[in-house]
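Breakdown of the fold
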Amino acid sequence: MSEPKFERGTSLSIFVSDRREDLSALIFAFAIAFGVMLLA
Amino acid sequence: MIYTIKSPALVIIGILMLIWGGLNKSGNLDGIQSYLQTSAYSDHMKVKEKFDAELRVATEMAAAENKPAPEMKMPESKFDQEKATQTKMSNFFGGAFVLLGLFILVWKPKQGNLDYFVSVVPGIAYILVIAFIVRWGLDPIFANWGNAVKTAGILSWDFAKIFNLNYVVLGIVIGMLIVNVFKIPAWAANGVRTARFFLKTGVILLGTLYSAAELAQLGGLSVVMIGIFVLGSVGLVLFMGKRMKTPNSMTAVLSAGMGVCGVSATVAAAPVVQAKAEEIAYTIGTILIWGVGCMFLFPTIGHLLNMGPVQFGAWAGTGILNSAQVAGAALAFDPTNIETLKVAEIFNITRVLFLPIIVLWLAAWYVKHEEGAKKVNLAQVVIAKFPVFVLGFIAMFALSSMGTFAPAGHYQGKYFSSAEVKEDKLLKDKEARALNGELTRLRTAEGVQALSKYLADKNVVLEGHKVTPDEAFKALDDLIANKKMMTRQQSNILMSVSKMSGLDAVAKGSIEKAEKAATHDSKVIKEYRNWIAWLFAFGLIGLGMQITGKALKQAGGAPLVIGGIVGTLKAVGSLIVVLMFVKEFV
């Protein structure tokens, strides 16, 4: 991928830091886990 | 900076998805779908045939009694379910993308969060439509080709299975093709950066598939053995990487892949050591190439050394890196006995539990080596670098072990429950009589001798001790009295006994039927697996889009050499240890 210039995040992530990305993934994963449990 | 680019692309992608959903629902794609979903379609035709016959009989009976024809609805087949899923997903995402795409066309974006996050959506749609093509199209097409080539006798093996030409590999390859041949359109560039986020979400959800109770079936010494090989491989790759002067991020990510189990470990370790996309791809490539060789070699060596199912399972689960290839080698070694596969899988998943330790190790190692001779404060590294998403994996595993998602003791959603056996799945009188006949025969002096020899030869073990004929008799007694399997342990014992030569065919079939009736699938875990597959497909396509040919060339051939040496040492070392110790303690 040609190196795009992004003011936020890095060329690999839209998040400002790895920790922010981790926490977002954690919240999303738990939302999926409990959402599926409730709907299944 | 304004991120949102005005383009009709999102609307077009949305319309294409809606068209696919509409055509699917109307049945216009049934011809294509019957080719893509071969096995589901064959199941569908059986369901349809049965339904047509029942409808005909019911109509004739109604006509004979001068009643109106009955209204009957055909039960939903797997084929119908698959089509319904595709329709739902296409309509949901298609509708959302059309609406948002129209909004982007008329909206005047201003710098800020709304602009930033809206600009991500076209890229997500771009990857998602490719993920649809890969999972619904290319994956089944390659599976069909692999099967066709094998059936036609052109090859004696299924090339699609052996080379793992599934959505994981195809996703990365398609992503690489797009970036190297067509380039990523500007309107999608921002969204491609979400790939790693979705991969991390997938790794966290992986924890739901396993439970501690399943691992408790292994002896403590087996866990120690797995730990030694996992940690030893990581250490060896790190050592060789330094000697061969490969970049630290490349060495670290390769060590996770070689030590634990392929794709998941690579993906989990990559962010911690700031691995580049091409380094991740290189690692996955090395593991898969190595695994293909193992799949051919392991079963042959296993037979040459006259290994038992437990021994071979332990060896394959320790020595082969990729989960699918572990299963492939176990089945190639013994296509009929599930014991080999089960042992191999348990050894294989135990490795995954070393993942948090390895990630922590790599975080400290990476910081230390990137910062040269500077002293590293491990506590600071742990706090600053430890990936929270790995804690998420552990949390999911803990919840799964407590039975939050599926009954405790499940493995990938399959669990044992005697209480849930349905009335119509209980053994019939004829089957109970056949089992009783076999029990009487086995209880004679000759029978006991034959059974003892079989249990010893096959090294049938349970919870650390060798199974005795009395335990087998008790299990058979209970099965006959209750007409269903009562405990998981008894089920395991009888499934081993059912493989004895000379056993009555009806009795053998009854044991298998009772085992199947007591083994249940968790709908929730099945759904999680589906989510994980989509998250990985999406993430790996996005990852592929960050790999250029130039970058791959720069990575050089050193990782392959390191991978080959460490893989060979691990395979040979685990073979020796398994041959020396496994009989005694598994």
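Residues numbered from 1 in each chain as written. Chains lettered and ligands numbered in written order. Predicted model: local features only at pLDDT ≥ 70, side-chain atom pairs only at ≥ 80, totals over all residues.

Our next topic: the packing of helix H6 (residues 121–151) of chain B against helix H8 (residues 167–182) of chain B. All names here are of chain B. Put simply, H6 and H8 touch, their axes get as near as 9 Å, and they point 125 degrees apart. As judged from the angle between their axes, H6 and H8 are oblique. H6 and H8 meet at a crossing whose hand is right-handed. On H8, the residues touching Ile130, Val134, Arg135, Leu138, Asp139 and Phe142 of H6 are Tyr167, Leu170, Gly171 and Ile174. Here the residues of the contact of H6 with H8 sort into 7 nonpolar, 1 polar and 2 charged. (Axes fitted to C-alpha atoms, helices over the stretch in contact; angles between N-to-C directions. Helix = DSSP H or I, 4+ residues; strand = E, 2+ residues; numbered from the N terminus. Parallel < 35°, antiparallel > 145°, perpendicular 65-115°, else oblique. Left-handed = near helix turned anticlockwise from the far one by under 90°. Contact = placed C-beta atoms within 7 Å. Nonpolar A, V, L, I, M, F, W, Y, C, P; charged D, E, K, R; others polar.)

Here we come to the interface of chain A and chain B. Tallying the contact residues gives 25 residues for chain A and 31 residues for chain B. Partitioned by chemical class, the residues of the side of chain A that touches chain B number 15 nonpolar, 4 polar and 6 charged.

Parsing chain B into structural domains produces domain 1 (9–160), domain 2 (196–209 + 221–297 + 358–410 + 523–570) and domain 3 (423–521). A C-alpha centroid distance of 42 Å is found between domain 1 of chain B and domain 3 of chain B. (Domains from an automatic or database assignment.)

Here the focus is the nonpolar core. Core analysis: the largest hydrophobic core is formed by 170 residues, its most contacted members being Leu205(B), Val253(B), Ala269(B), Leu355(B), Ile358(B), Leu362(B) and Ile541(B). The residues contacting Leu355(B), other than those within four sequence positions of it, are Val260(B), Ala265(B), Ala268(B), Val390(B) and Phe393(B). (Core = buried A, V, L, I, M, F, W, Y, C linked by C-beta atoms within 7 Å. Buried ≥ 20, exposed ≤ 12 C-beta atoms within 10 Å, placed from the backbone.)

Okay, the confidence of the model for chain B next. Residue and element names in this part refer to chain B. Mean pLDDT over chain B stands at 86; residues scoring 70 or higher make up 93%. The weakest mean pLDDT in chain B belongs to helix H20 (residues 378–385) at 67; the strongest belongs to helix H1 (residues 9–26) at 96. Here the predicted complex scores 0.78 on pTM and 0.91 on ipTM. (pLDDT = per-residue confidence, 0-100.)

Another point: the environment of Lys570(B). All names here are of chain B. Here Lys570 is to be found in helix H29 (residues 558–585). Remark: the alpha-carbon pair of Lys570 and Trp315, spanning 255 residues in sequence, is separated by 10.0 Å. Apart from the residues within four sequence positions on either side, Lys570 is in contact with Phe229, Ser233 and Gly319.

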